[in-house]
Amino acid sequence: MTDYKRHTAFGGRIVMIGFGSIGQGVLPLILRHIDMPKDKLVIITAEEKGKDVAEAYGVEFRVAPVTRENYRDLVGKEIGKGDFLLNLSVDVSSIALAELARDKGALYLDTCIEPWVGGYTDTSLPPSLRSNYALREEFLAKRRPGQKDPTAVITHGANPGLVSHFVKQALLNIARDTGVKADVPADRAGWGNLAKSLGVKVMHIAERDTQVSNNPKKVGEFVNTWSIDGFVSEGCQPTELGWGTHERHWPFNASRHAFGCDAAIFLNRPGASTRVRTWTPTEGHFHGFLITHSEAISIADYFTVTEDTGSASAVTYRPTVHYAYHPCDDAVMSVHELAGKNWVQQKSQRLMVDEVVSGIDELGVLLAGHKKNAYWYGSQLSIEEARKLCPHNNATSLQVTVAVLGGMVWAMENPEQGIVEPDEMDFQRVLEVCMPYLGPVVGVYSDWTPLQGRGELFAEDIDRDDPWQFKNVLVV
């Protein structure tokens, strides 16, 4: 048996809510790397799926859907002071579970901010209030400054989550390679000033999934390499992006939010209907979906630099930040079909795990506008390596599950931090936990810009004076 490194010991119980692809994939990682008895771990989930996996590891498994009406009784009786509530569910309010964990004295982690069922597509709410921006503002408003509340790590999967740590390492690499002397910044202001001094204008979370199945997508079926419900939900939310200070062209159909940090804007259309240009080392340049994710807002907010003007603070720097996602080809066809049915989800779903025969998930951050133009830093994990590294995972899920592990370890080591976003955590510690499971982690410079090859077949309305305007990135 392999002797895996124990990153930390934990004396409490771990209660896992939800046991889909991420829950099943993270279970062996928890048992490998967190020193605790398996009889102190319980899974509560809405369906029988994954029961065989839990039983194979000797972990308690209960089918009990968590609802708005029963969550305080159902989950509350399972957790107490010093325990850990790990929320990997869909259609269960992250804010409600995090508040419950705090009331009980338990640690908490989720991979995204989920509303109660139907919240993402509740047409009684305006688009601004169906956004990740609104969910984030609501969650952060629950902070209690000055109190030593149990740590609640929010939005810590691969993205959002791991990519925030990639951004910080990428900035240090660019500083090194451009001759800028920079110690590791000690606070938010230091990181913002480093990004500003380097001239970084945009930060894309640039991902290309090339995993291929031996079972092609069928008509009326949604196929994906990770949660179908999760992908459809966020794809139907408004297009969201952090809005940089260098931008000078207001997008058509764009709006600001009338509340909160003002670090992001949204387009009045679903993210899964919006495409943008981006680049990764293996794929080169491509079109990705601009799917809303919390990191587009939190990273833009975190790296904002302000200047005190006496009566108020003026924003002097902020990067444009957004997700640019090309899922596996079967998922692209699934989204195309979904859009054609006016965003009514297909009745049949299929998660690609064991049937994947080849491909990689190339997930990283593209930082551009600096002296060396563009720099991509991230993971190039293949299905073959993912299977060798950890069972019950494909290349996509392993990048998420190991980030969940990294966030859990950090929370256990820092148990009184209250509500924390990935950008506020120790990026070096989290990367230390994650690196052994990410395959090749590379940094690559490129001379690509979104103007490359443009205006040749047809005239285009583009800004040639600044390649990194969002106007040039957006596919019209």
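Use the structure listed above.
Anyway, here's the lowdown on the structure attached to this text. Numbers given to residues run from 1 along each chain, matching the order in which its sequence is written. Owing to the predicted nature of the model, reporting of local features is limited to residues with pLDDT of at least 70; listing and counting of side-chain atom pairs is limited to 80 or more, with chain, interface and lining totals taken over all residues. The side-chain numbers reported here are obtained from all heavy atoms of the structure, hydrogens and water having been left aside.

1. Observations regarding the overall build of the protein chain
Thought 1: Secondary structure counts use DSSP, requiring at least four H or I residues in a row for a helix and at least two E residues in a row for a strand, with both numbered from the N terminus. For the protein chain, the helix and strand inventory stands at 14 helices and 26 strands.
Thought 2: Between the two quantities, the radius of gyration covers C-alpha atoms and the globule rule is 2.2 Å times the number of residues to the power 0.38. For 476 residues, the compact-globule estimate of 2.2 N^0.38 gives 23 Å, and the protein chain sits close to it at 21 Å.
Thought 3: Counting only C-alpha atoms, the protein chain reaches 60 × 55 × 50 Å along its principal axes.
Thought 4: A 1.4 Å probe rolled over the protein chains alone gives each residue an accessible area, and that area as a share of the maximum for its type sets the label: buried under 20%, exposed over 50%, partly exposed in between. Going through the 476 residues of the protein chain one by one, you find that 61% of them count as buried.
Thought 5: Once local pairs closer than 6 in sequence are excluded, the contacts in the protein chain between residues at least 24 apart make up 74%.
Thought 6: For the purpose of charge, His is not counted, nor are the chain termini; Lys and Arg are scored as positive and Asp and Glu as negative. By convention, the point assigned to a charge is CZ for Arg, NZ for Lys, CD for Glu and CG for Asp. Charge centroids of the protein chain, computed over 47 positive and 60 negative side chains, lie 1 Å from each other. In what follows, residue pairs with any heavy atoms lying within 4.5 Å of each other are defined as contacts.

2. Topic: the environment of R68
Thought 1: By the element assignment, R68 lies in the loop between β5 (60-63) and α3 (71-74).
Thought 2: Taking the relative accessible area as the measure of exposure, R68 reaches 51% and is therefore exposed.
Thought 3: Sequence separation between R68 and V92 is 24 residues, and the spatial gap between their C-alpha atoms is 7.6 Å.

3. Examining the pairing of strand β19 (residues 320-326)
Thought 1: With respect to burial, β19 is a largely interior element, seven of its seven residues being buried.
Thought 2: A two-sided burial pattern is seen for β19, the buried positions comprising T320, H322, A324 and H326 on one face and V321, Y323 and Y325 on the other.
Thought 3: A pair of strands counts as paired when DSSP detects no fewer than two bridges linking them. As paired strands, strand β9 (residues 202-209) and β19 are joined by seven bridges and run parallel to one another. Counterpart to I205 in the pairing with β19 is Y323.

4. Topic: the side chain of R429
Thought 1: With respect to the helices, strands and loops of the structure, R429 is situated in helix α13 (residues 427-434).
Thought 2: At 2.6 Å, the side chain of R429 forms a polar contact with the side chain of E413.
Thought 3: Apart from the residues within four sequence positions on either side, R429 is in contact with H7, V409, W410 and E413. We call two N or O atoms a polar contact when they sit within 3.5 Å, provided that within protein one can donate a hydrogen and the other can accept it, with sequence-adjacent residues counted only if both atoms are side-chain atoms.

5. A few points about the pattern of salt bridges
Close approach of charged atoms allows side chains of opposite charge to pair.
Thought 1: Whenever a carboxyl oxygen of Asp or Glu lies within 4 Å of a side-chain nitrogen of Lys or Arg, that contact is scored as a salt bridge. Evaluated as defined, the whole model comprises 27 salt bridges.
Thought 2: Ionic pairing is found between R144 and D149, a salt bridge with its closest N-O pair at 2.7 Å.
Thought 3: Given a relative accessible area of 34%, R144 falls into the partly exposed group.
Thought 4: A relative accessible area of 7% places D149 in the buried class.
Thought 5: With a shortest N-O distance of 2.6 Å, E413 and R429 are connected by a salt bridge.

6. Observations regarding the side chain of Q399
Thought 1: Along the chain, Q399 turns up in helix α12 (residues 395-413).
Thought 2: Judged by its relative accessible area of 1%, Q399 falls in the buried class.
Thought 3: One polar contact links the side chain of Q399 to the main-chain carbonyl oxygen of D361, over a distance of 2.9 Å.
Thought 4: There is a polar contact of 3.0 Å between the side chain of Q399 and the side chain of S379.

7. Focus on the packing of aromatic side chains
Thought 1: Each Phe, Tyr or Trp ring (for Trp, its six-membered ring) is paired with any other whose centre lies within 6.5 Å, and the angle between the two planes then decides the class: stacked below 30 degrees, edge-to-face above 60, tilted in between. Taken as a whole and judged by the stated rule, the model has 16 aromatic pairs.
Thought 2: Measuring from centroid to centroid gives 5.9 Å for F222 and F231, while their planes differ by 90 degrees, and the two rings are edge-to-face. Comparing F222 with F231 shows no difference in burial state: the two are buried.
Thought 3: Consider the rings of Y323 and Y325, whose centres lie 5.1 Å apart with planes at 10 degrees: the pair is stacked.
Thought 4: Here the aromatic residues F222, W226, F231, Y323 and Y325 are joined through ring pairs into a cluster of three or more.
Thought 5: A ring is considered to have a charge above it if a Lys NZ or an Arg CZ atom is located within 6 Å of its centre and within 35 degrees of its normal. Between K372 and the ring centre of Y445, over which it is positioned, the NZ or CZ distance is 4.7 Å.

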